[in-house]
Amino acid sequence: MRQCFILICFLMVTLIAGGITIVSGEIIDGSSAIPKSYKLEVDIMFAPPAQSPPYDDDSFFSLANETIHNLCNGKELAVGKSNIMAFDSLEDRYYKMVRMKVSQERHAEAENVMTFISYTLSVMDFYNTYEKDWEKDSPVIDGMAAYNWATAYYNGAVKIWDTISTQYPDAVMYKMPPKKV
């Protein structure tokens, strides 16, 4: 179900206002499944700027502020099967924020926040897949492809964080969960 998140986002973006394509992130430790120079292309499911009031700017940025501070506490991102509720909660917030009408003046800022949350959801989703594959103890499927995807999305989130971090001076980017040993 979680793996469908990215595909659903892509399909819904295609249907809603054409979508916004963000290209970012690079895989650091590539695998045979993902070329080292692969660039992420993420379609963010976010409506174009609202043309007329009432705007949801205050509600959007209040929720964004709370969400960013919950995620960016300088600790390791809560991922894996023991943290499914963290994924579900973030996904619920994402879909709530997607439906909000953001003014033209603040839309670019909101778009960056949505990109950051989308990348973070992808990190969580791929790490969950990695954990499931790793637990199979199979010589063929070790989950490293999923871990590399999670790493790629983490790197994308870091790049977006560099863009939005000044808006959250008391927040510290979360850390990538480590590989299992």
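The structure this text deals with has already been given above.
No experiment lies behind these values; they were computed from the predicted model shown. (Residues numbered from 1 in each chain as written. Predicted model: local features only at pLDDT ≥ 70, side-chain atom pairs only at ≥ 80, totals over all residues. Heavy atoms only, no water.)

**Examining helix α3 (residues 84-98)**
Basically, it comes down to this: Here a strand is any run of E in DSSP of at least two residues, a helix any run of H or I of at least four, and the numbering for each starts at the N terminus. By definition here, a helix of n residues has an expected span of 1.5 Å times n minus one. Working definition: with a 1.4 Å probe on protein chains only, accessible area under 20% of the residue-type maximum means buried, over 50% means exposed, and in between means partly exposed.
Look at α3: 21 Å from first C-alpha to last across 15 residues, which is about the 21 Å you get at 1.5 Å a residue. Taken together, the buried positions of α3 are occupied by F87, L90, E91, R93, Y94, Y95, M97 and V98.

**Topic: unusual backbone geometry**
Of note, the amide linkage connecting P53 to P54 takes the cis form, showing an omega dihedral of 5°. In this structure, P54 sits in the loop between β2 (39-44) and α2 (57-71).

**With respect to α2**
Helical periodicity: at 3.6 residues per turn, an α-helix aligns residues three or four positions apart in one direction. Rule in force here: Of all possible arcs, the one meant is that of the directions from the helix axis to the C-beta atoms. Between two residues, a contact is recorded if the distance between any of their heavy atoms is within 4.5 Å.
In this model α2 runs 21 Å from its N-terminal to its C-terminal C-alpha over 15 residues, within 8% of the 21 Å that 1.5 Å per residue would give. Restricting attention to buried positions, one finds in α2 the residues D57, F60, F61, L63, A64, T67, I68 and L71. Around the axis of α2, the buried residues are gathered within 160° of arc, so they sit on the same side. Of the residues in α2, the exposed ones pointing more than 90 degrees away from the buried face are D58 and N70. Buried residues belonging to α2 abut α3, α4 (107-135) and α5 (144-164).

**Quick word on the side chain of R93**
Counted only if it meets this: We define a polar contact as two N or O atoms separated by no more than 3.5 Å, with the added condition that, inside protein, one atom must be a possible hydrogen donor and the other a possible acceptor, whereas residues neighbouring each other in sequence contribute only through side-chain atom pairs.
Position of R93 relative to the elements: it lies in helix α3. Polar side-chain contacts of R93 include one of 2.5 Å to the side chain of E66. There is a polar contact of 3.0 Å between the side chain of R93 and the side chain of T67. Residue contacts for R93: discarding those within four places in its chain leaves L63, E66, T67 and N70.

**A look at the pattern of salt bridges**
As a reminder, the rule being used: The salt bridge criterion pairs a side-chain nitrogen of Lys or Arg with a carboxyl oxygen of Asp or Glu, the two atoms within 4 Å.
Counted by the stated rule, this structure contains 3 salt bridges. The salt bridge involving E109 is made with R106; its shortest N-O contact spans 3.0 Å. Accessibility expressed as a relative area gives 29% for R106, which makes it partly exposed. Here E131 ties to K180 by a salt bridge, and the two come within 3.2 Å at their closest N and O atoms.

**What to know about the packing of α4 against α5**
The criterion, for reference: Axis definition: a line fitted to C-alpha atoms, limited for helices to the stretch in contact. Angles are taken between N-to-C directions and run from 0 to 180 degrees. By the definition adopted for this analysis, an angle is roughly parallel if under 35 degrees, roughly antiparallel if over 145, roughly perpendicular if from 65 to 115, and oblique otherwise. Two helices that cross are described as forming a left-handed crossing if the nearer one is turned anticlockwise from the farther one by less than a right angle, and a right-handed crossing if clockwise. When residues are grouped by polarity, Ala, Val, Leu, Ile, Met, Phe, Trp, Tyr, Cys and Pro land in nonpolar, Asp, Glu, Lys and Arg in charged, and all others, Gly among them, in polar.
The N-to-C vectors of α4 and α5 enclose an angle of 160°; their axes lie 8 Å apart at closest approach. Taken together, α4 and α5 sit at an angle that is classed as roughly antiparallel. Between α4 and α5 lies a crossing whose hand is left-handed. Partitioned by chemical class, the residues of the contact of α4 with α5 number 18 nonpolar, 7 polar and no charged.

**Quick notes on the nonpolar core**
Keep this limit in mind: Among the buried residues, those of types Ala, Val, Leu, Ile, Met, Phe, Trp, Tyr and Cys that are joined through side-chain atoms within 4.5 Å form a nonpolar core.
One finds F60, F116, W161 and Y174 to be the most contacted residues of the largest nonpolar core, which totals 45 residues. Where this core is concerned, the elements lending two or more residues are α2, α3, α4 and α5.

**Notes on the packing of α2 against α3**
Across the interface, α2 lies against α3 with an axial gap of 11 Å and an inter-helix angle of 160°. The angle between the axes of α2 and α3 places the two elements in the roughly antiparallel class. For the element pair α2 and α3, the recorded crossing hand is left-handed. Of the residues in α3, those in contact with F60, L63, A64, E66, T67, N70 and L71 of α2 are L90, R93, K96 and M97. Across the contact of α2 with α3, the residue classes tally to 6 nonpolar, 2 polar and 3 charged.

**Observations regarding the environment of V98**
Mapping V98 onto the fold places it in helix α3. Overall, V98 belongs to the buried group, its relative accessible area being 9%. When the C-alpha atoms of V98 and E111 are compared, they prove to be 9.6 Å apart, with 13 residues separating the residues in sequence. Those residues in contact with V98, other than ones at most four positions away along the chain, are M45, F46, A47 and M114.

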